[in-house]
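# Structure at a glance
Read off the chains here:
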Amino acid sequence: MDNKVLNKQIPLETIVKIADYLEDYKENYDKKFELEINKNKNLPFSEKKWEYENGSTTINYTIELKNGKTMKESNYNWFVTNLNNPKGIQSIYISMYVSFFTKGANSTMNDLYNKIEATLYFRERDCSIDVNTTNQESQAHNLYSTLMNILEDNKDRYDKTMKHVGIRTQCFTISIGLILSYILFIALKINADKLPELLSMYLNNKYIL
């Protein structure tokens, strides 16, 4: 599932909210995997019972700067700290990966591979979101829906204020033009006796004015 969010203002607060959610999502699976390990570590091999086996989780953060520098890290605190200078950031890339093995429908072994992967790419004008899955369609759908709701819960990039900027600018320009024209007219009227006869005639013609 992939989509591009075009008409939304995505502030850094929203990007951090996305990162918080993915960190919590990852931590939830980390706890499941740790519980499985602790449950089976002292049991004989024949007695081990895994619901989630060989679980693995990662989150990677990439910050591309306007000066051409690219920084990558998997640490959340590093990521948040490096958002202090938003004007210098060109784009932000966040990727989360979760994988584990479970039993297949007709299997006694954990031989069914499961994967949940989410990637988000934030740029100045848009944001791309992509969620891929293997044998975890329901989880992937819930993840995608939650991320999209967080992104959509922002102001439109071209909301009413932005849409009417052009109209307000035109009105302001017309107003200034009218004021300057009126000042010019008054100056000409005051000096009407010094103006050429043809121009004086124009000033006294209401249709031309």
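Residues numbered from 1 in each chain as written. Predicted model: local features only at pLDDT ≥ 70, side-chain atom pairs only at ≥ 80, totals over all residues. Heavy atoms only, no water.

Take the environment of Trp50 next. The residue Trp50 is located in the loop between α1 (12-40) and β2 (53-65) in this model. Note: C-alpha distance between Trp50 and Met109 (59 residues apart in sequence) is 8.9 Å. Beyond its immediate stretch of four places on either side in the chain, Trp50 contacts Glu36, Ile37, Asn40, Lys103 and Asn110. (Helix = DSSP H or I, 4+ residues; strand = E, 2+ residues; numbered from the N terminus. Contact = heavy atoms within 4.5 Å.)

As a further point, take the side chain of Asp126. Looking at the secondary structure, you find Asp126 in the loop between β5 (112-122) and β6 (127-134). By relative accessible area, Asp126 is classed as buried at 15%. Setting aside residues no more than four positions away along its own chain, Asp126 makes contact with Lys4, Val5, Leu6 and Tyr121. (Buried < 20%, exposed > 50% of the residue type's maximum accessible area, 1.4 Å probe, protein only.)

This next bit is on the packing of α1 against helix α3 (residues 137-152). Following both chains from N to C, one finds α1 and α3 inclined at 160°, their axes separated by 10 Å at the closest point. The angle between α1 and α3 falls in the class roughly antiparallel. For the crossing formed where α1 meets α3, the hand is right-handed. Along its contact with α1, which presents Thr14, Lys17, Ile18, Tyr21, Leu22, Tyr25 and Tyr29, the element α3 presents Gln139, Leu143, Thr146, Leu147, Ile150 and Leu151. In terms of residue class, the contact of α1 with α3 is built from nine nonpolar, three polar and one charged. (Axes fitted to C-alpha atoms, helices over the stretch in contact; angles between N-to-C directions. Parallel < 35°, antiparallel > 145°, perpendicular 65-115°, else oblique. Left-handed = near helix turned anticlockwise from the far one by under 90°. Nonpolar A, V, L, I, M, F, W, Y, C, P; charged D, E, K, R; others polar.)

Moving on to the pairing of β5. Where strand β4 (residues 89-102) meets β5, 11 bridges bridge the pair, whose relative direction is antiparallel. Bridge assignment links Ile94 to a residue of β5, and that residue is Leu120. Bridge count between β5 and β6: eight bridges; the pairing is antiparallel. Note on β6: the bridge partner recorded for Glu117 is Asn132. (Pairing = 2+ DSSP bridges.)

For the protein chain, per-residue confidence averages 84 on the pLDDT scale, and 78% of positions sit at 70 or higher. Low pLDDT, under 50, characterises residues 159-165; the stretch is placed with four contacts to residues that sit more than four places away or in other chains. (pLDDT = per-residue confidence, 0-100.)

Another aspect to go through is the nonpolar core. One finds Leu22, Phe79, Ile94, Phe122, Leu143, Leu147 and Leu151 to be the most contacted residues of the largest nonpolar core, which totals 37 residues. Where this core is concerned, the elements lending two or more residues are α1, β2, β4, β5, β6 and α3. With residues near it in sequence (within four places) discarded, Leu147 still touches Ile18, Tyr21, Leu22, Ala118, Leu120, Ile129 and Val131. (Core = buried A, V, L, I, M, F, W, Y, C linked by side-chain atoms within 4.5 Å.)

Turning next to unusual backbone geometry. With a phi close to 55°, Asn54 is a non-glycine residue in the positive phi region. On the secondary structure map, Asn54 appears in strand β2. Even without glycine at this site, Asn135 takes up a positive phi of about 60°. Within the element layout of this structure, Asn135 appears in the loop between β6 and α3. Take Asn135: its relative accessible area is 37%, and that puts it in the partly exposed class.

Turning our attention to a nonpolar patch on the surface. A cluster of nonpolar side chains, Ile176, Ile179, Leu180 and Ile183, forms an exposed patch at the surface whose accessible area comes to about 370 Å². Positionally, Ile183 belongs in helix α5 (residues 165-190). (Patch = residues over 30% accessible without salt bridge, like charges linked within 9 Å, V, L, I, M, F, W, Y side chains within 5 Å. Areas by Shrake-Rupley, 256 points an atom, 1.4 Å probe, with all protein chains shown as cover. Salt bridge = Lys/Arg side-chain N within 4 Å of Asp/Glu carboxyl O.)

Our next topic: the pattern of salt bridges. Inspection of every chain in the model, using the stated rule, returns six salt bridges. Note that Asp30 and Lys26 form a salt bridge whose closest N and O atoms lie 2.9 Å from each other. Note that Asp30 and Lys26 are positioned in helix α1 at a spacing of four residues, about one turn of the helix.

Along the chain, the position of Thr102 falls in strand β4. Each residue touching Thr102, except ones within four places of it in the same chain, is listed here: Glu51, Tyr52, Met109, Asn110, Asp111, Leu112 and Asn114.

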